[in-house]
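Tertiary structure, described
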Protein chains: 2
Amino acid sequence: MKNLQPLIYVLLLSVLCLAEARIRHYRWEVKYEFKSPDCYRKLVITINGRSPGPTIRAQQGDTVIVDLKNSLLTENVAIHWHGIRQIGSPWADGTEGVSQCPILPGDTFRYMFVVDRVKNTKSVILLTTSLFSEFVDFYASMFLFEFVIINAGTYLYHAHYGMQREAGLYGSIRVALPTGEAEPFSYDYDRSIILNDWYHKSTYEQAAGLSSIPFVWVGDPQSLLIQGRGRFNCSTPGIATGFCNATNPECSPYVFTVVPGKTYRLRIGSLTALAALSFEIEGHNMTVVEADGHYVEPFVVNNLFIYSGETYSVLITANQDPSRNYWTVTKMVSRNNTTPNGLAIFNYYPNHPTKSPPTVPPSGPFWNDIEARVNQSLAIKSHPNYIHPVPQTSDRVIILLNTQNRINGSVKWSINNVSFTLPHTPYLVSLKENLLHTFEQAPPPDVINGYDNYDINAVAPNVNATSSNSLYRLKFNTTVDIILQNANTLNVNNSETHPWHLHGHDFWVVGYGRGKFNVSEDPKRYNLVNPIMKNTVPVHPYGWTALRFIADNPGVWAFHCHIESHFFMGMGAVFEEGIDKVANLPSSIMGCGDSKRFVKP
Amino acid sequence: MKNLQPLIYVLLLSVLCLAEARIRHYRWEVKYEFKSPDCYRKLVITINGRSPGPTIRAQQGDTVIVDLKNSLLTENVAIHWHGIRQIGSPWADGTEGVSQCPILPGDTFRYMFVVDRVKNTKSVILLTTSLFSEFVDFYASMFLFEFVIINAGTYLYHAHYGMQREAGLYGSIRVALPTGEAEPFSYDYDRSIILNDWYHKSTYEQAAGLSSIPFVWVGDPQSLLIQGRGRFNCSTPGIATGFCNATNPECSPYVFTVVPGKTYRLRIGSLTALAALSFEIEGHNMTVVEADGHYVEPFVVNNLFIYSGETYSVLITANQDPSRNYWTVTKMVSRNNTTPNGLAIFNYYPNHPTKSPPTVPPSGPFWNDIEARVNQSLAIKSHPNYIHPVPQTSDRVIILLNTQNRINGSVKWSINNVSFTLPHTPYLVSLKENLLHTFEQAPPPDVINGYDNYDINAVAPNVNATSSNSLYRLKFNTTVDIILQNANTLNVNNSETHPWHLHGHDFWVVGYGRGKFNVSEDPKRYNLVNPIMKNTVPVHPYGWTALRFIADNPGVWAFHCHIESHFFMGMGAVFEEGIDKVANLPSSIMGCGDSKRFVKP
């Protein structure tokens, strides 16, 4: 049976023989290993022994194949390709409970990406899909054929099941333009890093605490990682002996080596569990040129604010005194916190890479300087040569008011008084196969009852909050506005920053505001000229953020706060659009809940 | 759909209306919770908030229904009904990789037991099976209908997936005789306890260490539990702060309250991860009357040796000075160890239950007194009125020599140079549906190559040891002898005790011996008159144990060392017999590996 594989590749190649498209084949094995990314030894989910996992590098038009083997002992897994819109392949989104069943231990799951631009590949995809269906039965342990479309740009991948992302299962996707095409900026070298925060407790312990009555909050992260490396103070009192080793080479700082005079494109992604970050390189300005795969009108910053789920490209020129090294610093902002800053070394060649800079690391912005963060949000506009025209009106406005509530004694996050829970039969299967009993049919409200009188500055009155796995059904091809409305938490005078990530779409960011969104006045000030398109955007404390997107991607798409614990506690929603236009689902995504009986022999 | 449930119960009842058979319906939810069974807080897998889980109490003829909901976040589960032979229902054995796929998070799995004697229930089972198949499609989330046959006696249940048993997922099954039938001994009260050992590291950490190169051994358990309660010394140096609380009521000692002059039947099961135990009640003899569900010729002990997977009933008469309490002690034996003894209180009513006995707890036998343990093994014979006649000859002899080896740098246990690994498609499905590519077809050897010259007192020469998921195929209805042959570990002058557990069968224990089994001489000394039947038996250091069973139960059955880490490291085997006689498999056990495509719509 496996003998057919080469044949299939040949067929695929011949179908994809648009110019010199290449196949890049990755074989990944996922398992638990002991690692000490911040000098403290704990179990980490690795890919081929690494966390972060391998960077996927491709050029538009390439085909990426990832054979993912789950070698966890008793735990399932699913990987989301963050920023990939999955046009025509909604089953490939990698979101457990939404687009697929989880991958069982021992199974090898085949992910396949066609790395190309939308306009070129739609027909190819349909062709290869039908071609492949002929061969599906011949595959013993390889279930899913994924067709994923990416624009050139910076993307991420990470586990989208339980809280596994936090256990270290994440990495970068870097897609280059086709040969001969140019970016609207120039640089000498291209680098990728991922920023993260890091807990010493296992994700199981964290999740059990969040579900407990009384609620046990996970607290601040123990450290901040830069490309998987941080530094915890092993002398901290109360640590069990034998767990922390400051001399472990795994926690030596990340080194970014530069040649004097050269300009670097640094692709920065954040996959923090909790932290909003400020990132800076001592003494060096950064020019922001890309956000979430879209070119921005360049602007210069001293420090970059970046939220979990966001990616940016910045240009940095090594134009400072080359006789020394410099600090690279990440700092947790937006929450008053005890997490020490993360440090890496910006190393001018030929200085020794581990030579400590002679200066005190920059202390970064104040954690509570909301204005600076809002100003950066407002500064991000589309590059003038790459504007995707935004529809000037919308067909539907959904105001998502987030509140913290207690439901049956548990602390939850709610949207319009509904705390989101995932069903165990993926929505995509339930909706396509009409298994409507698997989730609650009454949709959540487009606006909370009593919105006009709702006081966002007060602790939620906590009336009628419920848990539900209901979803929003959108009319196909309509334009939808989403207003993220922030409010107070369960603590007096406290509102948090939430980075919201939409699957299956890029959206236009048409406005930010303070206080409560005014339905009749605020839309008049939307930026409908050159708004940036993104897939992840923050809503600032006590503020609102307005997004617009076209519901033109048949499928079922999660939309949620990218803070791992917040989504776990219910801070999410799901949109369905054009389910009738979704092609036949591959059996490979089924096998859990009620989808079990739809697996075809 | 669920509305049909009551109807089905009524139908079931009418089918089962042999006298006054009752239905005992349990609803269990499995999840992680923080518990402090020995004062040290860690995550425990609980059933309805408890570990050990609820005791299943039934009378022969009753029907037990367990609706098991998996509320773990990302982890599957499977529960084995230890000691239950599953005659006619091999798919109900609860052994991941052998008899079923694991139960996914969110799924509710229905286990159903008909608690009766073999001779009475076979026809009932077939009838109810066919009746139930009509209704299978109506069940949304309840997949498996199990028909389990039990003799009156003492059994156990526990997770049989990864190392989840050690995480706390276990409990007792107690089956009483039908009304009007009498045991061959008398007592006033009936009690059940489970003995266990307890680690502070998670099973994930333990498993990762066992798989690491270099090998990281889990070490000695931190404490011994009696009915889920133990006591770790919170002043132990090097413990992280905040984890240990000596005043936590969860770790107050277990209290066994007795009325002076009364006689108690105490059912004792061991589900230790590692420890062989000695159990005693200060100043009280115990009369052993049952082993693994079979009546033994009563004998009196001061202390009872009990190995993981074994159950015993002992009679204890409260005939000592009633003005004080007494210690109940478990002690780890067979390994030189650092684990403190486990303590409980044997409380004479009306003394206060927590009143400490005025004496120093008995120190128990020496850990290395092998002779005492062998003598107890030899003392266990069938009760003369309950002898199951043993076949006087056997058709096949399989000598299972256990060695410790290094395979590709990893430390493993091997049987005849084969370190056992589980496939991810359950054998039962593979064999019944002819998916023979899912495991290695060449069977493991009946005797190791060069057995005659093998030196069991030396470290294994470690030649040709391999990992394999191959199995033994037994001719149906033949009589098979298994010789468990112990040998040296990788450490010089070291041989361990291994309790071997056979699924799907009780076997006759026909002999124990020291040194190397002599194929021509030793069988002459077998006890073929009144051997006990058991499902779990130890092989002592540098010794052998001979078992005999009839391969008359169509199905696929695991046979393995019941030490959790040893089975994980390969110390196991699997037997197939009469696969052609197995009825159509329920879809409910499928859904993993290649069995996925056999789930029927």
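Please refer to the structure higher up on the page.
Criteria and cut-off values
Residues numbered from 1 in each chain as written. Chains lettered and ligands numbered in written order. Predicted model: local features only at pLDDT ≥ 70, side-chain atom pairs only at ≥ 80, totals over all residues. Heavy atoms only, no water. Contact = heavy atoms within 4.5 Å. Buried area = accessible area lost by both parts, 1.4 Å probe. Salt bridge = Lys/Arg side-chain N within 4 Å of Asp/Glu carboxyl O. Polar contact = N/O pair within 3.5 Å; in protein donor to acceptor, adjacent residues only side chain to side chain. Helix = DSSP H or I, 4+ residues; strand = E, 2+ residues; numbered from the N terminus. Nonpolar A, V, L, I, M, F, W, Y, C, P; charged D, E, K, R; others polar. Patch = residues over 30% accessible without salt bridge, like charges linked within 9 Å, V, L, I, M, F, W, Y side chains within 5 Å. Areas by Shrake-Rupley, 256 points an atom, 1.4 Å probe, with all protein chains shown as cover. Disulfide = S-S within 2.5 Å. Buried < 20%, exposed > 50% of the residue type's maximum accessible area, 1.4 Å probe, protein only. Pairing = 2+ DSSP bridges. Axes fitted to C-alpha atoms, helices over the stretch in contact; angles between N-to-C directions.

All right, on to the interface of chain B and chain A then. Across the contact, 42 residues belong to chain B and 42 residues belong to chain A. Between chain B and chain A lies a buried interface of about 3,700 Å² when both sides are counted; carbon and sulfur atoms form 64% of it. Area buried by chain B at its contact with chain A is led by T74(B), Y204(B) and K596(B), which between them contribute 19% of it. Connecting chain B to chain A are zero salt bridges. At the boundary of chain B with chain A, the tally comes to 20 residue pairs in polar contact (both at pLDDT 80 or more). For the side of chain B that touches chain A, the secondary structure elements donating two or more residues are β1 (23-35) and α3 (203-211) of chain B. Of the residues forming the side of chain B that touches chain A, the biggest block, five residues, is contributed by α3(B). Residue composition of the side of chain B that touches chain A, grouped by class: 21 nonpolar, 14 polar and seven charged.

Our next topic: a nonpolar patch on the surface. On the surface, Y189(B), V259(B) and Y349(B) cluster together into a nonpolar patch covering about 280 Å² of accessible area. As for its placement among the helices and strands, Y189(B) is situated in strand β9 (residues 189-198).

By definition, a disulfide links the sulfur atoms of two cysteine residues through a covalent bond. If you walk through the whole model with that rule in mind, you get six disulfides over all chains. Paired by a disulfide, C234(A) and C244(A) hold their sulfur atoms 2.1 Å apart. Measuring the twist about the S-S bond at about -70°, one finds the C234(A)-C244(A) disulfide to be left-handed. Of this pair, C234(A) sits in the loop between β10 (223-226) and β11 (255-258) while C244(A) sits in the loop between β10 and β11, and the two are ten residues apart along the sequence. Put simply, C101(B) and C592(B) are joined by a disulfide, and their sulfur atoms are 2.0 Å apart. One disulfide, between C101(B) and C592(B), carries an S-S torsion of -80° and so falls in the left-handed class. Here the residue C101(B) occupies a position in the loop between β5 (79-82) and β6 (108-115), and C592(B) occupies one in the segment after β32 (572-577), the gap between them amounting to 491 residues. Pair check on accessibility: C101(B) and C592(B) agree, each one buried. Cysteine pairing for chain A, with bonded cysteines counted in sequence order: 1-5, 2-6, 3-4.

Attention now moves to the pattern of salt bridges. Applying the stated criterion to the full structure yields 32 salt bridges over all chains. Linking K581(B) and D580(B) is a salt bridge whose minimum nitrogen-to-oxygen distance equals 3.3 Å. Counted as one network, the salt bridges with shared partners bring together R174(A), D190(A) and R267(A).

So, about the environment of Q86(A). Residues and elements named next belong to chain A. Turning to its location among the elements, Q86 is positioned in the loop between β5 (79-82) and β6 (108-115). On the basis of relative accessible area, Q86 is assigned to the buried category, the value being 0%. Along the backbone, Q86 and H505 are 419 residues apart, and their C-alpha atoms lie at a distance of 8.5 Å. Side chain to side chain, Q86 and S89 meet in a polar contact 3.0 Å long.

What follows deals with the sheet that holds strand β10 (residues 223-226) of chain B. Residue and element names in this part refer to chain B. Across the sheet, six strands lie side by side as β10-β9-β12-β17-β14-β15; this open sheet has mixed pairing. Each having just a single partner strand, β10 and β15 (294-301) make up the two edges of the open sheet. The mean inter-strand angle of the sheet, taken between neighbouring strand axes irrespective of direction, is 25°. Pairing between strand β14 (residues 286-291) and strand β17 (residues 311-317): four bridges, direction antiparallel. Within the sheet, the bridge partner assigned to T287 lies in β17 and is L315.

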